[in-house]
Amino acid sequence: MLGKLTLNAIPFDQPIPLIAGGLVFLVLIAVIAWVVIRGHLPYLWHEWITSVDHKRIGVMYTLLGLVMLLRGFIDAIMIRSQQALAFHAPGYLPPEHYDQVFSAHGTIMIFFAAMPLMIGLMNFAVPLQLGVRDVAFPTFNSTSFWLTATGALLVNLSLVIGEFSRAMWLPYPPLSEYRYSPDVGVDYYLWALQIAGVGTLLTGINFVTTILKIRAPGMSYLRMPVFCWTALAANLLIIAAFPVLTATLAMLLLDRYLGFHFFTNSGGGNMMMFVNLIWAWGHPEVYILVLPAFGIFSEVIATFSGKPLFGYRSMVAATMGICLISFLVWLHHFFTMGAGGDVNAVFGIATAIIAVPTGVKIFNWMFTMYGGRIRFTTPMLWALGFTVTFVIGGMTGVLVSVPPADFMVHNSLFLVAHFHNVIIGGVLFGAFAGVTYWFPKAFGFRLHEGWGKAAFWLSLAGFYITFVPLYAVGLLGMTRRLQTYDVAEWRPWVLAAGVGILVLCGALACQIMQFIVSIRQRELLRDLTGDPWNGRSLEWSTASPPPAFNFAVLPNVEGEEPYWEIKRRAIETQQLTAEPDYKPIEMPRNSPTGFITAFFCTITGFALIWHIWWMVGLGLFGAYVVFVWFAWRDREEHVIPAEDVAEADRARRRVRAQWLAQNEREEWLAAHAEVSEPA
Amino acid sequence: MTDERNADDEGNVGDVGPGFMEAADHSVRQGIQGYLMGFALAALLTVASFYVLHTTLIWGPGIVVMLGVLAVAQIGVHLVFFMHLTTAPDNTNNVLALAFGILIVVLIIGGSIWIMNRLDERLMPIEQTTGQTMQMP
Amino acid sequence: MESSAADARDNIRSRCRLRTVSRVLVVLVPAAALGGCAGGVLQPKGPIGAANAKILLDAVGIMSVIVVPTIVGLVAIGWWFRASNTRARYQPRFVYSGRLEIIVWSIPLLVIMFLGGLTWIGSHELDPFVPIASNAKDPPLEVQVISLDWKWLFIYPQQRVASVNELVIPAGTPVHFFLTSASVMNQFFVPQLGSMIATMNGMQTQLHLQADRPGSYYGLSAQFSGDGFSGMHFTVRAVSQDDFEHWVAATQQSGGPVLDRNGYFDLLRESCDVKPFTYHSADPALFAAIVKRNLPPGPGPYVGRAGPGVRPIGCG
Amino acid sequence: MSATEVLRAPHPHEFDPYKLGHGNGGGHHDYATGHGEGGPASKRVIVGYGFWLFLLSDIVLFSCFFAAHAVLQTATAGGPTGPQLFDPFSVALETACLLTSSFTCGLSAVAAGVRNMLWTQVFLFITGILGLAFLLLEAHDFAAMMARGASPQISAFWSSFFAVVGCHGGHVTVGLLWLGTMMAQVFFKGFRPNIMRRLVCFNLFWHMLDIIWVALFTIVYLIGEGR
Ligand code: HEA
Ligand code: HEA
Ligand code: CUA
Ligand SMILES: [Cu+2]
């Protein structure tokens, strides 16, 4: 009746995960109960759960990312504290638990923290920057989000029912085959990723279509903000790479569930094929993460330097170059498998070549700051911290792309330090820069600067204190994923890294304080103009938070940096453009399709993990019914009457007129004019 | 009828989605003719593939190459006659996307085969250790 | 003769204790850290390790030439052009420069060209399958390496002995390793001797290493292989040629177990933190049988038991 | 040139910072066909293009199975090999079914183009029947092979064979389910713009299955047999 699921599945003998997981679920249930009792459910349902508004979906993605970041961070604390205690000693986490912790950490961080953060920010900002009303397929957008959430839910469910994979964040067979991992952990991993992966693929299709086909009139490719370019590149990579992940995991599933022999030790299976295919996805994946971050930094650095981005054309070329080359390098993750000089050299050199376009980006950011008037706001600090940190991480990346060097540090903590260096310094800093940068656009008030700056400095310090020792201990030969060790020389470094994690805890505390304080002081931090940072691209031309339809009339783009142009002209002429002729706007209707699909996917996934076949059938049938029902829907759009549009836009115009009156023409012009001689 | 079509057509002129015949220019007869032509060509190429397999006209090891070429040709026929892909400017995005897809497919299949062949050559035990034949020293 | 190995281990331990004295220094001076008794990859003790380390340092050096000025430039420019600095010149129209663009693309390109050359030559010369050019008159010693759950088995086919979790080799003589795995994937790695290489069931990789001087080196698996992974380390003892022959003879005459099919099946079962021991006789055909998958692979955890919380037997 | 001069310049875009040649005009004047500068594309283009991208991603998915099949070509582990069990006649028949169904599918598009309900339904129906025939033939093939000792559990080669062919078969099955709902939609709702868009997507999907099949019978059956 319940397949493999028995009472034994609840890990009573492992109190730590049980309590931790139980606590999480209690909190979750408490939140749900509170929502229901306080009568917020209808609001949540109509305004968020069924929303197909890209801004709302972006916010939900970002929130999911932050919560999972917290979960991943707890795992990281456990890893570092275990290793700090485990010199000649068992530590407090037995192997079968420790192995789950680092596997879950890697999986959660990549798939459910970093990806949702980046996709969330793209969701929020790309249509606004393109000057349009929504993405190409709003309902699929909501489906993407809920499928990702399903994956996250399944991974976290493994805390309390059964267990998670112990086979690393990329489950290399034969260790992940049924023979060596007969428990459900790997199945949790596989189904969670298959479901979330489909959601991500839909996102990729959605955004490439949006960027290529839906832009404001006059916005040619070379007028798009760089963030849109990097989003395009990242989503092209999603379309190309995620099917590879799906196929590879499907093969492993066939092995585990139906006794196929793709990667087994018997029947002629070949585990090297898994390693090959998973990295054909895995390498592009890291650029899927970092490219949008590059875009965020481009926006932030240009805005806070008070200058257009330097070398826009080079930036675009570099972005697309990275996008292409990233598909030519995947073998660098298995130089030590013995493919020989030719193969290793070709892939090694291709890898190193990525340093060239990346370097171009770094230099262009540098020249953007050159001659600028830099305001050190929190987003700008994250950006500056990123440039320095990422250069170091990139350098160690190029180092391991030289095969003989990699033969010495592959899978060592040196490598762990490399990728945290680029991921934390690149992706995570990028996410925080993006969140603080666009937060006022999404909610109408700024985040508190003081707490944000504290969080930044502690993160920066914490990062270096944690990971510089790992570089060193990696060079001492310490390999990754060790639950215990007995080499005295490693110990001081491991302890130092343990101190670093304490500093990071401080950073987390400041980050959370920033959110709390900002929400409580929101009236103080309120921004009415819609343009709190003196921005340059179109998202700043509408109100904060933007109306559901984003723009009352689609902006007519006549050059690069369209909003800067609009602003300059307004100040120059001391008046706003003439009031447009408001027309009714058709917007997509809310739809529960995404949520319900995800609901059935959760059921199906859970049933598959535990071999509850009747429930699998039920889930699949439900999904098909939803599909037909969705197809049958007649009215896909609702119309916002012209009066409502006019009302919203007039309110915005009033505020803008006030702002205009406050900005003295000569003063503003002087402030933004080129200074020919040092004053 | 025309209203509906126009409503759907508004927006950027000179841009066509994949799979669309230029409906306005095509009569039913032209439409059918196009599909017939594609069908005939595809059938011909399929027959050729099955025929080539057992032919003695082509040097043995070359047959595989011929099969590959025929398959590519037939895929091309499908793309042009059934999916209405053209190289006209209004199809730029469709063709670019296809080119990107083909590039990825070639990289993944080509790269995997190259890598895996090298690994197989080197890791499948051709060079034996002396162990199994050596006697006690 | 058992005791000689034990003596050696005691020996290692006491030397370790000496080294701990210098640990304070180690913490202070990162470079000095590379001198523990599990010395790191920057303290190579053989030609392969030395070449790898050299390449590693060369690469860091050449990249520093561009990376260090970049970092300095970023910080300096960022600080100088702060809004409050009235002496900095505001140039909002400095957004394009063809000349800078050329420089910006070409400097990294030049660095990468050098690194690319290094990569091409290094990948071929230091391919683990390529024998060490050695002027030693002795032919290389052959060792078959098998990774098991969770220990290392070393078979000396010419000597017909075998050892677990301890590898004894003659210093100054190249060693030709043939490697495979009896269960899941692992990586054979001795940081101070050089390159690591994967071990996989059904496949045979090769590796050539050499220890220049007698000494004791830390070896480990560099590929996570399951719950007992942390205990999967071993000691490499490089000894003089005479001592090596001594060790072989002693092992052959010791009363240790025999490595035949049955002995192998005993070893195949999962076990953790296995203390080093030797087999006084070993079947050299065993290795080929494993590579050809004529012998079953490791059984994994507790055959037949499935469900959550499966734990390895005999561990923890 | 002083700052105010720049600002008073006759056209605000005389200054083209990136030397992109966009200095003057822009906006609506320079339509570049297919580049979407005239504002958002029509819904028809958007839907078609999105589906096109999906198909390309699906082809990438198949390419992984093809790659695995190519690599595991010889991994028969002592069991039967492909050519021993393939039935070229049956494969030819399956090919004929699928190719013809692609043709009739195209004809249904022509009929739908002129809003002819009867012929649209007739051709969609024939397409479905041919697809079903294909599936039954394939199932029969599989059963015959299994009866002669080949199953995915026998060896890596057969795993990859059943996976790649089965994945295509699975797509055809999904296509048939979709076809059913499409026929119902056309019947009950007529040729509305959204239904027309879905019909075009379905057409693309069905033709794509045929393209995959071309690669499949060439690589798996013909080249496999040629070895
Ligand atoms: C966001 C994530 C991210 C990013 C951006 C990168 C960026 C790079 N990575 Fe990293 N990498 C990972 C995430 C990432 N990586 C992860 C997660 C793993 C391990 C997975 C696992 O095993 O679990 C990994 C592993 C990994 C390996 C495998 C090593 C091994 O397993 O042994 C290699 C090898 O080549 C590599 C190389 C590189 C290179 C060359 C870059 C380059 O893109 C960096 C380019 C940037 C610069 C070089 C800096 C700026 C440039 C200049 C200032 C110009 C001048 C500089 C020069 C000329 C040098 N990475
Ligand atoms: C996106 C990817 C990502 C990120 C961000 C991180 C972040 C961190 N990781 Fe991780 N890590 C991986 C990906 C990532 N990691 C992967 C793929 C592996 C390999 C797994 C494997 O071996 O298979 C790994 C492995 C790994 C190890 C190696 C274990 C080993 O092999 O021995 C260690 C050890 O220290 C570690 C530590 C850390 C630390 C200290 C952080 C910290 O820097 C975290 C910093 C985070 C914070 C400070 C949290 C801030 C949180 C918030 C602000 C949330 C606020 C929320 C609300 C208000 C709701 N990670
Ligand atoms: Cu064989 Cu990895
Ligand atoms: Cu990579």
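Rules and cut-offs
Here the residue numbers are simple positions, counted from 1 along each chain's written sequence. Written order determines the labels here, with chains lettered from A and ligands numbered from 1. Totals for whole chains, interfaces and linings use every residue, but because this is a predicted model, local features are given only for residues with pLDDT of at least 70 and side-chain atom pairs only at 80 or more, for both listing and counting. Water and hydrogen atoms were dropped before computing side-chain values, which therefore reflect all heavy atoms in the structure. In the sections that follow, a salt bridge refers to a side-chain nitrogen of Lys or Arg positioned within 4 Å of a carboxyl oxygen of Asp or Glu. Elements are defined by DSSP. Helices are runs of H or I of four residues or more, strands are runs of E of two residues or more, and each kind is numbered from the N terminus. The buried label applies to any residue whose accessible area, calculated with a 1.4 Å probe on protein chains only, is under 20% of its type's maximum; exposed applies above 50%, and partly exposed to all values in between. We treat two strands as partners when DSSP finds at least two bridges between them. Residue proximity to a molecule or strand is established when one non-hydrogen atom of the residue lies within 4 Å of it. In protein, a polar contact requires one atom able to donate a hydrogen and another able to accept it; more generally it is a pair of N or O atoms within 3.5 Å, and residues adjacent in sequence count only if both atoms are side-chain atoms. Residues were grouped as follows: Ala, Val, Leu, Ile, Met, Phe, Trp, Tyr, Cys and Pro as nonpolar; Asp, Glu, Lys and Arg as charged; and all remaining residues, including Gly, as polar. Comment: axis = line fitted to C-alpha atoms, over the contacting stretch for helices; angle = value between 0 and 180 degrees taken between N-to-C directions. Pairs of residues are marked as contacts when any of their non-hydrogen atoms sit within 4.5 Å. Note: buried area is the sum, over both parts, of the accessible area (probe 1.4 Å) each one loses when the two are combined. The domain limits used here are those given by an automatic or database domain assignment.

**Comments concerning the pattern of salt bridges**
By the definition in use, this model includes 19 salt bridges over all chains. For A:Glu637, the salt bridge is made with D:Lys43, and the minimal N-O distance between the two is 3.3 Å. Here A:Glu637, found in strand E2 (residues 637–640), pairs with D:Lys43, found in helix H2 (residues 43–71), and the two come from separate chains. By relative accessible area, which is 30% here, A:Glu637 ends up partly exposed.

**Observations concerning the pairing of strand E6 (residues 186–190) of chain C**
Within a regular beta strand, the side chains point alternately toward one face of the sheet and then the other, so they alternate between its two faces. Residue and element names in this part refer to chain C. Summarising burial for E6: 5 of the 5 residues are buried, a large majority. Judged by which residues are buried, E6 turns out to be covered on both faces: Asn186, Phe188 and Val190 on one side and Gln187 and Phe189 on the other are all buried. The pairing of E6 with strand E7 (residues 194–199) spans 4 bridges and is antiparallel. The partner of Val190 across the bridge, within E7, is Gly194. Where E6 folds back onto E7 in an antiparallel hairpin, the turn is made up of 3 residues.

**Some details on the site of ligand 2**
Residue and element names in this part refer to chain A. Close contacts around ligand 2 come from 32 residues, with Arg80, His105, His420, Ile424 and Arg481 the closest. Interatomic distance of 2.8 Å between a side-chain N/O atom of His105 and a nitrogen atom of ligand 2. A distance of 2.8 Å separates a nitrogen atom of ligand 2 from a polar atom in the side chain of His420. Listed by contribution, the elements that provide at least two residues to the shell around ligand 2 are helix H3 (54–85), helix H4 (95–130), helix H14 (413–443) and helix H16 (491–520). For the shell around ligand 2, a count of residues per class yields 24 nonpolar, 5 polar and 3 charged.

**A look at the sheet that holds strand E1 (residues 141–148) of chain C**
All names here are of chain C. As summarised here, the arrangement of the 6 strands in space is E8-E5-E1-E2-E3-E12, forming an open sheet in which the pairing is mixed. A single partner strand is all that each edge strand has here, and the edge strands are strand E8 (205–209) and strand E12 (277–279). Averaged over all pairs of adjacent strands, the angle between strand axes in this sheet comes to 25°, irrespective of strand direction. As paired strands, strand E5 (residues 175–181) and E8 are joined by 5 bridges and run antiparallel to one another. Looking across to E8, one finds that Phe178 is bridged to Gln206. Along the sheet, helix H5 (residues 241–253) makes contact with E1, strand E2 (151–156), strand E3 (161–164) and E12, crossing E3 at roughly 95°.

**Here we look at the interface of chain A and chain D**
The partner chain D presents 61 residues to the 66 residues of chain A that form the contact. Of the roughly 5100 Å² buried between chain A and chain D on both sides combined, carbon and sulfur atoms contribute 66%. Together, A:Lys213, A:Glu560 and A:Trp632 form the three largest contributors to the area buried by chain A at its contact with chain D, with a combined 12%. Inspection of the region where chain A meets chain D yields 1 salt bridge. The interface formed by chain A and chain D holds 6 residue pairs in polar contact (both at pLDDT 80 or more) in total. Counting only elements with at least two residues in the side of chain A that touches chain D, the list comes to helix H6 (185–213), helix H7 (226–258), helix H8 (271–305), helix H9 (312–325), helix H18 (562–573) and helix H20 (613–632) of chain A. Considering each element in turn, the side of chain A that touches chain D owes the most residues, 10 residues, to H7(A). Here the side of chain A that touches chain D is built from residues that sort into 38 nonpolar, 13 polar and 15 charged.

**Details of the domain arrangement of chain B**
The extent of an interface is frequently quoted as the accessible surface area lost upon association of the parts. Residues and elements named next belong to chain B. According to the domain assignment, chain B contains domain 1 (10–87) and domain 2 (89–131). Taken together, the contact between domain 1 and domain 2 spans 10 residues of the former and 6 residues of the latter. Here domain 1 packs against domain 2, burying approximately 680 Å² in sum over the two surfaces, 51% of which is carbon and sulfur. At the junction of domain 1 with domain 2, the criterion picks out 0 salt bridges. At the junction of domain 1 with domain 2, the criterion picks out 0 residue pairs in polar contact (both at pLDDT 80 or more). In the side of domain 1 that touches domain 2, the residues fall into 4 nonpolar, 5 polar and 1 charged.

**Points about the environment of A:Gly269**
Positionally, A:Gly269 belongs in the loop between H7 and H8. Separated by 14 residues in the primary sequence, A:Gly269 and A:Asp255 have C-alpha atoms spaced 9.7 Å apart. Look past the residues within four positions of A:Gly269 in its chain and what remains in contact with it is A:His261, A:Phe262, A:Phe263, A:Thr264, C:Arg293 and D:Ala156.

**Considering the sheet that holds E6(C)**
The strands making up a sheet associate through hydrogen bonds between their backbones, and the pairing can be parallel or antiparallel. Residue and element names in this part refer to chain C. Read across the open sheet, the 5 strands follow the order E4-E10-E9-E6-E7; overall the sheet is mixed. Since the sheet does not close on itself, it has two edges, and those belong to strand E4 (166–170) and E7, each with one partner. The sheet shows a mean angle of 20° between the axes of neighbouring strands, direction not considered. Each of E4 and strand E10 (233–239) touches H5; the most contacted strand, E4, lies at about 135° to it.

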